[in-house]
Amino acid sequence: MKAVNFLVSSGRNRGPRFGLAVLLAVNLLILICPGCARQMPQKSEGQVPVLPPGQEIVVWEMKQPHFPGSRPYEEEVQRVCEQFQQKTGIRVKLVFVSRWELPDALLKAREESKLPDVLFSGEFPCLTGLERDLAGILDAGQYQETALAAWTRGGRIMGIPSAILWFGIAARKDVLNSQQGEPGDFRTDPSTLNGLLRSLGVLPTSEAFMQIATHELSGRHRAPREIASFVSWIKMNVSESEQEFCLQRFKRGDIQGIYGVTPYIFKWLRISSEPGSSGEPVLVPLIFEKGDTGFGFTVPGYLILSGAEPKLKASAELGKLLAQNYGRWGARALGLIPARIEDLPIFTLESGFTREERSHLLKILDLTGIPLSPQDAGVEGVAADAGLDDLFTRYKCLEELAGVLSSYFSGNLIDDGLAEEIAHALEGNTSR
């Protein structure tokens, strides 16, 4: 596996062609060493300090959907916590908190001085202002550079990256075959782009679409007027935007694809389609208004909220194990790209994607050193302390933005007022 680590780490900045070379090399190593992806050590690389008697590490996790062929996520998390407890003698209290319960639960825990020690960020991460700097604890060389960049602020590592979660287009195999010949060989000429867009549907109030709408492909946060321009372009070019019917219309073949699917939606579409049928979904990159193509993405991770050592370091060691567990589970169950470099073969061998799909996705690894998360302030016209910097404000903003987009796509809001309404939503202004 050292050869794989060297190949990946030494080629991080060599462009998309190198990503394909890495993929081929990894495939070769897997053929030489079958099963090596499952035989990687399941242990922490650091020395876990001893905690005073009676102390425990509290972990807040999130439940995940169960997909056929993969172990239930909750069982995997429980196994990691139990193994850590057996090895270190440190008690672990595991609590599952839903995504939408998290802001209020965290606020209450802070008020009562009962914050968790380890917190899973969810698939759409936002810094809470409570996380500890892990720059002296985390070995940065063990992680994909793009994944680590999402959690690094001015040299401070504010979370443990677990996986790269992407957003793309799920297109029916028949429409791709009719337009370009080979699935995955996606061309970007205007006729192909316009033809595919007109046959797509979109879920305009989903978190995935809102993430795509508020960020350029480079990761830069769009200004409100830029978001309005992008959303207007989508509405003009994409045929179907009734969220409650979009998935069903795809299954029936009324629309030929969905713009902005998450790995969860794509997995559901694929396992519920007959293999090899014309309606089987193929994963292709997003299309943007200037003709650019690529995958949007976020980097889920684990935040360490423990106050001081030795508990801080002990919590970080458990956080590393949980982050790696999520990356491995996500690669197998959903096709996420693991954040740990040594786990890339799991994605290659067990993601279920075609070679073309994997080569497209692995180009994400060439995007490094860019702001990826909503809390990276700089939204034009919005003060930094009123933007999406805070977890609670972020959820409020999402609710407001979803309302604006729902009104716009339903025809109740015209283009002239769209940018202003988006600006108010990003400010978290709930008084309107």
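Residues numbered from 1 in each chain as written. Predicted model: local features only at pLDDT ≥ 70, side-chain atom pairs only at ≥ 80, totals over all residues. Heavy atoms only, no water.

Q: Pulling in residues and values, what's your account of the overall build of the protein chain?
A: Looking only at helices and strands, one finds 16 helices and 15 strands in the protein chain. By the burial criterion, 56% of the 432 residues in the protein chain qualify as buried. Residue pairs in contact within the protein chain that sit at least 24 positions apart in sequence constitute 76% of those at least 6 positions apart. With the model as given, the accessible surface of the protein chain reaches about 18,100 Å², and the carbon-plus-sulfur share is 51%. (Helix = DSSP H or I, 4+ residues; strand = E, 2+ residues; numbered from the N terminus. Buried < 20%, exposed > 50% of the residue type's maximum accessible area, 1.4 Å probe, protein only. Contact = heavy atoms within 4.5 Å. Areas by Shrake-Rupley, 256 points an atom, 1.4 Å probe, with all protein chains shown as cover.)

Q: Please give an account of the packing of aromatic side chains that cites residues and values.
A: Applying the stated rule across the entire model yields 16 aromatic pairs. Considering the side-chain rings of F124 and F167, the 5.7 Å spacing of their centres and the 5° angle between planes classify their relative orientation as stacked. Residue F124 is found in the loop between β3 (118–120) and α5 (145–149), and its partner F167 is found in strand β7 (residues 163–172); the two are separated by 43 residues along the sequence. Residue class for F124 comes out buried when judged on its relative accessible area of 14%. Using a relative accessible area of 0% as the deciding quantity, one classes F167 as buried. Relative to W233, the ring of F230 lies with its centre 6.2 Å away and its plane at 35°, an arrangement referred to as tilted. One end of the pair, F230, and the other, W233, are both in helix α9 (residues 224–237), 3 residues apart, so they sit about a helical turn from each other. Judged by relative accessible area, which is 0%, F230 ranks as buried. Taking the ring centre of Y143 as reference, the NZ or CZ of R340 above it sits at 5.5 Å. (Phe/Tyr/Trp six-rings, centres within 6.5 Å; stacked < 30°, edge-to-face > 60°. Lys NZ or Arg CZ within 6 Å of the ring centre and 35° of its normal.)

Q: Explain the side chain of S206 to me, and be specific about the residues and the numbers.
A: Looking at the secondary structure, you find S206 in the loop between β8 (200–202) and α8 (207–214). Judged by its relative accessible area of 14%, S206 is buried.

Q: Residue-level account of the pattern of salt bridges, with values.
A: Considering all chains together, one arrives at 15 salt bridges under this definition. In this structure, E75 and R71 form a salt bridge, with 3.9 Å as the shortest nitrogen-oxygen distance. One salt bridge connects R340 with E342, and the closest N-O pair in it is separated by 3.1 Å. Residue classification places R340 among the buried residues on the basis of a relative accessible area of 7%. (Salt bridge = Lys/Arg side-chain N within 4 Å of Asp/Glu carboxyl O.)

Q: Now, about the nonpolar core: what can you tell me, with residues and values included?
A: The biggest cluster of nonpolar side chains holds 119 residues, and the ones touching the most others in it are F230, Y259 and Y326. The dominant element in this core, judged by the number of residues it contributes, is helix α12 (residues 311–333), at 11 residues. Residue assignment places this core across two domains, with domain 2 (56–162 + 299–352) and domain 3 (165–297 + 389–430) each supplying three or more. (Core = buried A, V, L, I, M, F, W, Y, C linked by side-chain atoms within 4.5 Å. Domains from an automatic or database assignment.)

Q: Outline helix α14 (residues 355–362), supporting the account with residue identities and numerical values.
A: Helical geometry: 3.6 residues make up each α-helical turn, so side chains three or four residues apart lie on a common side. Most of α14 is tucked away, with 6 of its 8 residues classed as buried. The complete set of buried residues in α14 reads E357, R358, S359, H360, L361 and L362.

Q: Would you mind going over the sheet that holds strand β2 (residues 91–96) in detail, with residue names and values included?
A: Read across the sheet, 5 strands follow the order β2-β1-β3-β14-β6 without closing on themselves; strand pairing throughout is mixed. One side of each edge strand has no neighbouring strand; the edge strands of this open sheet are β2 and β6 (160–161). Note: strand β1 (residues 56–61) against β2, 6 bridges, orientation parallel. Note that in β2 the partner of V59 across the bridge is L94. Running at roughly 155° to β1, helix α4 (residues 102–111) makes contact with β1 and β3 of the sheet. (Pairing = 2+ DSSP bridges. Axes fitted to C-alpha atoms, helices over the stretch in contact; angles between N-to-C directions.)

Q: Hey, could you go over the packing of α9 against helix α16 (residues 418–426) for me, with residue numbers and the actual values?
A: For the pair α9 and α16, the least separation of the axes is 8 Å and the interaxial angle reads 120°. In terms of orientation, α9 lies oblique with respect to α16. The handedness of the crossing between α9 and α16 comes out as right-handed. Mapping the contact onto sequence places P224, R225, I227, A228 and V231 in α9 and L418, A419, I422, A423 and L426 in α16. (Parallel < 35°, antiparallel > 145°, perpendicular 65-115°, else oblique. Left-handed = near helix turned anticlockwise from the far one by under 90°.)

Q: Explain the environment of Y259 to me, and be specific about the residues and the numbers.
A: Inspection of the secondary structure assignment puts Y259 in strand β9 (residues 257–261). Spatially, the C-alpha atom of Y259 lies 6.0 Å from that of G201, the residues being 58 residues apart in sequence. From its side chain, Y259 meets the backbone oxygen of I287 in a polar contact 2.6 Å long. (Polar contact = N/O pair within 3.5 Å; in protein donor to acceptor, adjacent residues only side chain to side chain.)

Q: So, the confidence of the model for the protein chain: which residues are in play, and what are the values?
A: Per-residue confidence for the protein chain gives a mean pLDDT of 79; residues scoring 70 or more make up 76%. Across the protein chain, strand β15 (residues 337–338) holds the top mean pLDDT of 98, while helix α1 (residues 2–10) sits lowest at 31. Confidence drops under pLDDT 50 across residues 372–389; counting only partners more than four residues distant or on other chains, this segment forms 50 contacts. (pLDDT = per-residue confidence, 0-100.)

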